[in-house]
Amino acid sequence: MVDEAKAFCPACGHAFVEEQKRSEPSVFESMEGTMQLGNTMYNQMLSDMGLNISAAPNKSVETVQPAVQPAVQPVVQPVQQVIQPAVQQVIRPAVEPAKRVVSNKTNWLVVGIVVAFSLLVLLIIAGLIGYVVYTKYS
């Protein structure tokens, strides 16, 4: 027994309603890349989803169970995988560069020498400018 709203038998696919053919294609069908479903195909899709759009309110919907039950597959437990961090290899040069340790006193000494030399150069330049000015106006 099949519900009246169904156009096809869900078990064998037999059509209960004769599908009508159009004599001329519609504007929608004449467009490229479009597809249109007929009324019988639309009703079949709705009935396959268990939906009923017919006007009769008291129609029952029959659900059909599959004839063959699928075999129960054994449950496979996931295998635990232990992930370990990669070992880092330290690449050392064949000849290690000489390590230079500079103390804080050495830094101040270098800075003092540079400042003293700069002041000496400025003093010499100022002396030369003074000598040139003195000789020119005297």
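Quick caveat, the model's predicted, so the values are computed rather than measured.

Turning next to the overall build of the protein. Scanning the protein from terminus to terminus reveals 3 helices and 0 strands. In the protein, the order of α-helices and β-strands from amino to carboxyl end is α-α-α. A total of 138 residues make up the protein; the buried ones form 5% of that total. Considering only contacts in the protein between residues 6 or more positions apart, those separated by 24 or more positions represent 34%. A total of about 13900 Å² of accessible surface is found on the protein, and carbon and sulfur atoms cover 62% of it.

This next bit is on the state of the cysteines. Applying the stated rule across the entire model yields 0 disulfides. Not part of a disulfide, Cys12 finds its nearest cysteine sulfur in Cys9, a span of 3.7 Å. Looking at Cys12, the relative accessible area reads 62%, which means it is exposed.

In this section: a nonpolar patch on the surface. A contiguous nonpolar patch, built from Phe117, Leu120, Val121, Ile124, Ile125, Leu128, Ile129, Val133 and Tyr137 and spanning about 930 Å² of accessible area, is present on the exposed surface. Positionally, Val133 belongs in helix H3 (residues 104–137).

A few words now on the confidence of the model for the protein. Close reading of the predicted structure is inappropriate where its pLDDT is low. Here the protein averages 76 in pLDDT, and 70% of its residues register 70 or above. Mean pLDDT values for the elements of the protein range from 70 in helix H1 (residues 27–30) up to 92 in H3.

The rules behind each value
Counting starts from 1 at the beginning of each chain's written sequence and moves along it residue by residue. Totals for whole chains, interfaces and linings use all residues, but because this is a predicted model, local features are given only for residues with pLDDT of at least 70 and pairs of side-chain atoms are given and counted only at 80 or more. To get the side-chain values, take all heavy atoms of the structure and skip hydrogens and water. Each helix is a run of DSSP H or I of at least 4 residues and each strand a run of E of at least 2, with the numbering of both proceeding from the N terminus. Burial status follows relative accessibility: with a 1.4 Å probe on protein chains alone, a residue under 20% of its type maximum counts as buried, one over 50% as exposed, and anything between as partly exposed. Only heavy atoms matter for contacts: two residues are in contact if any of them lie within 4.5 Å across the pair. Note on areas: these come from Shrake-Rupley sampling with a 1.4 Å probe, and a residue is covered only by the protein chains present in the view. The disulfide criterion used throughout: a pair of cysteine sulfur atoms within 2.5 Å. Each patch is built from salt-bridge-free residues with over 30% relative accessible area, joining like charges within 9 Å and nonpolar side chains (Val, Leu, Ile, Met, Phe, Trp, Tyr) within 5 Å. Note on definitions: salt bridges are taken to be side-chain nitrogens of Lys or Arg within 4 Å of carboxyl oxygens of Asp or Glu. Scored between 0 and 100, pLDDT is the confidence that the predictor attaches to each residue.

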